[in-house]
Amino acid sequence: AQSVTQPDIHITVSEGASLELRCNYSYGATPYLFWYVQSPGQGLQLLLKYFSGDTLVQGIKGFEAEFKRSQSSFNLRKPSVHWSDAAEYFCAVGPRVSSYKLIFGSGTRLLVRP
Amino acid sequence: GAGVSQTPSNKVTEKGKYVELRCDPISGHTALYWYRQSLGQGPEFLIYFQGTGAADDSGLPNDRFFAVRPEGSVSTLKIQRTERGDSAVYLCASSANQGNEQFFGPGTRLTVL
């Protein structure tokens, strides 16, 4: 079955520290991969996406993610976290044939300590 | 420009009632999607429209759920005989075409008492 696993429900980091949010997927073939951020009262915003090519993808707000086919992972990273990064982060996959049907993980809530 | 808007932002109803949730996509976007997000979960796909037609409604949980997009722009998600388990945030997204980036609205929080 197709699924996305985000093993960390909550993560707390200090402002200025580095961040890595984990994402593993189970899929029949390499899907399209996405990271979204959801702030309270806001819609989901796309941070970055991987379709093909370079496995290290740069996104908005200083985020990057690395696709590792051998580990079926697409972890999100940021070298220095800002207080405004506190939000919920969702990893999602979409099939290459019908990429509209996104499958989301259950999310990781990021808390930032001042 | 304006993003995806959804109304109402909050809806409280009683078990057994009928509700309608509205989505205004980004102007010119031909593809529209509905997702449902339960507490502590990620969004789950419900239905996808390309233009006026529902291209994929495989995510609708049962026949109490129905969605329309009569003029290829605004969409309405309709839920009949609501149940407490229908309580969730209903998200709408649109994209310029299938496969393009999906832009999400802020959602409608539905509470069924």
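A brief look at the structure comes next. These numbers were taken from a predicted model, which means no experiment stands behind them.

Conventions used here
- Residues numbered from 1 in each chain as written.
- Chains lettered and ligands numbered in written order.
- Predicted model: local features only at pLDDT ≥ 70, side-chain atom pairs only at ≥ 80, totals over all residues.
- Heavy atoms only, no water.
- Phe/Tyr/Trp six-rings, centres within 6.5 Å; stacked < 30°, edge-to-face > 60°.
- Helix = DSSP H or I, 4+ residues; strand = E, 2+ residues; numbered from the N terminus.
- Buried < 20%, exposed > 50% of the residue type's maximum accessible area, 1.4 Å probe, protein only.
- Lys NZ or Arg CZ within 6 Å of the ring centre and 35° of its normal.
- Lys, Arg positive; Asp, Glu negative; His and termini not counted.
- Salt bridge = Lys/Arg side-chain N within 4 Å of Asp/Glu carboxyl O.
- Contact = heavy atoms within 4.5 Å.
- 1 Å grid on protein atoms, 1.4 Å probe; cavity = no way out; pocket = protein on both sides within 12 Å on 5 of 7 lines; lining within 4 Å.
- Points joined across faces, edges and corners; volume = space filled by probe spheres on them.
- Nonpolar A, V, L, I, M, F, W, Y, C, P; charged D, E, K, R; others polar.
- Buried area = accessible area lost by both parts, 1.4 Å probe.
- Polar contact = N/O pair within 3.5 Å; in protein donor to acceptor, adjacent residues only side chain to side chain.

**Considerations on the packing of aromatic side chains**
Evaluated as defined, the whole model comprises 15 aromatic pairs over all chains. Judged by centre distance (6.0 Å) and plane angle (80°), the rings of Phe34 of chain A and Phe51 of chain A are edge-to-face. Of the two residues, Phe34 of chain A sits in strand S5 (residues 32-38) while Phe51 of chain A sits in the loop between strand S6 (45-50) and strand S7 (56-58), which places them 17 residues apart along the sequence. Looking at Phe34 of chain A, the relative accessible area reads 6%, which means it is buried. Measuring from ring centre to ring centre gives 5.8 Å for Phe104 of chain A and Tyr35 of chain B, while their planes differ by 90°; the resulting arrangement is edge-to-face. One end of the pair, Phe104 of chain A, is in strand S11 (residues 103-104); the other, Tyr35 of chain B, is in strand S4 (residues 31-37), on a second chain. Of the two residues, Phe104 of chain A and Tyr35 of chain B, both sit in the buried class. The rings of Tyr32, Phe34, Tyr36, Phe51, Phe90 and Phe104 of chain A together with Tyr35, Phe45 and Phe104 of chain B are connected pair by pair, giving a single aromatic cluster. Sitting over the face of the ring of Phe51 of chain A, Lys49 of chain A holds its NZ or CZ atom 5.9 Å from the ring centroid.

**Here's the deal with the side chain of Arg36 of chain B**
Residues and elements named next belong to chain B. Here Arg36 shows up in strand S4. The charged side chain of Arg36 is buried without a salt bridge, its nearest counter-charge being Asp86 at 4.1 Å. Not counting residues up to four positions away in its chain, the partners in contact with Arg36 are Gly42, Pro43, Glu44, Leu46, Pro61, Phe65, Gly85, Asp86, Ala88, Val89 and Tyr90.

**Details of empty space enclosed by the protein**
Applying the stated criterion across every chain, the model contains one cavity of 30 Å³ or more. Lining the largest cavity are 13 residues, with Phe34 of chain A together with Gly99, Asn100, Glu101 and Gln102 of chain B sitting closest to its centre. For the lining of the largest cavity, the elements supplying multiple residues, two or more each, are S5 and S6 of chain A. Within the lining of the largest cavity, the residues separate by chemical class into seven nonpolar, four polar and two charged.

**Here we look at the interface of chain A and chain B**
One frequently used descriptor of interface size is the decrease in accessible area upon assembly of the parts. Residue-level contacts link 18 residues of chain A with 19 residues of chain B. Summed over both sides, the interface between chain A and chain B buries roughly 1,500 Å², with carbon and sulfur atoms accounting for 55% of that surface. Among the residues of chain A in contact with chain B, Leu44, Tyr100 and Lys101 of chain A are the three that bury the most area, contributing 39% of the side total. For the pair chain A and chain B, the number of links is one salt bridge. Notably, a salt bridge pairs Asp56 of chain B with Lys101 of chain A, separated by 3.4 Å at the nearest N-O pair. Counting across the interface, chain A meets chain B through three residue pairs in polar contact (both at pLDDT 80 or more).

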